[in-house]
Amino acid sequence: MKTTLLALGLAMAVTGMSACSMNSMNTHDSMGASAMAASDNPMVGGAAMLTSRDIIDNAVNSADHTTLVAAVKAAGLVATLKGPGPFTVFAPTNAAFGKLPAGTVDSLLTPEMKGTLTSVLTYHVVPGRLDGPAIAKLIKAGGGKATLKTVQGESLTARMKGNGIVLVDSKGGSANVTTANVYQSNGVIHVIDSVLMP
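Reading the values: the criteria
Residues numbered from 1 in each chain as written. Predicted model: local features only at pLDDT ≥ 70, side-chain atom pairs only at ≥ 80, totals over all residues. Heavy atoms only, no water. Salt bridge = Lys/Arg side-chain N within 4 Å of Asp/Glu carboxyl O. Helix = DSSP H or I, 4+ residues; strand = E, 2+ residues; numbered from the N terminus. Buried < 20%, exposed > 50% of the residue type's maximum accessible area, 1.4 Å probe, protein only. Contact = heavy atoms within 4.5 Å.

The next point concerns the pattern of salt bridges. Throughout the structure, instances matching the rule amount to two salt bridges. D54 is the salt-bridge partner of K82, the closest N and O atoms lying 2.9 Å from each other. Of this pair, K82 sits in the loop between α6 (78–81) and β1 (87–92) while D54 sits in the loop between α3 (33–38) and α4 (55–59); the two residues are 28 residues apart in sequence, bridging distant segments of the chain. Of the residues examined, D54 reaches a relative accessible area of 9% and is grouped as buried. Note that D57 and K82 form a salt bridge whose closest N and O atoms lie 2.9 Å from each other. Here D57, found in helix α4, pairs with K82, found in the loop between α6 and β1; they are 25 residues apart in sequence, far enough to count as distant. The class of D57 is partly exposed, set by a relative accessible area of 32%.

In this section: helix α5 (residues 66–75). Taken residue by residue, α5 has T67, L68, V69, A71, V72 and A75 as its buried positions. Against the buried residues of α5 lie α4, α6, β1, α7 (94–98), α8 (104–108) and α9 (114–122). Directly after α5, the chain includes G76, whose backbone phi takes a positive value near 75°.

Everything listed here is a matter of geometry and, on its own, says nothing about what the molecule does.
Shown next as structure tokens:
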């Protein structure tokens, strides 16, 4: 049942059927597609992130995201994240995964834990293309916080921390956006310094 709901959530995100996805796309469209195309993407993990590549094709080149890429492959989410989206991905670094209790990552990568791994990974994906300015606008409109519904089904809370964005998960854990606005052909990636847990 849980796997079916996750698959349905991913299918909705891919086809753009989610209301959040539609609102997110409208927010981005109002900013202008030319602004996104003209922006210079930051380097991530020592690699250039090209706007002409999708989320997976860029992520595999980042030396800082080898654990995330291995997890996405183990969960069977490669085809989804290569799809049209658009998706907003909060991408934990290898160091972020290293903060988890010893043995957690190895356990999550086993076939028996595929459902749990999929849940954790899809909790880092929001339908639509929400770049930093769009998230900041939602935070301002929400009186200091924004609720972001994830593909997994639960929500993340976004708040401003100085000029940056911090995300709070459903367990009260937090992650800072360390590199924002890494534009992809099918969405945007924000690098984060902790793994968020549903």
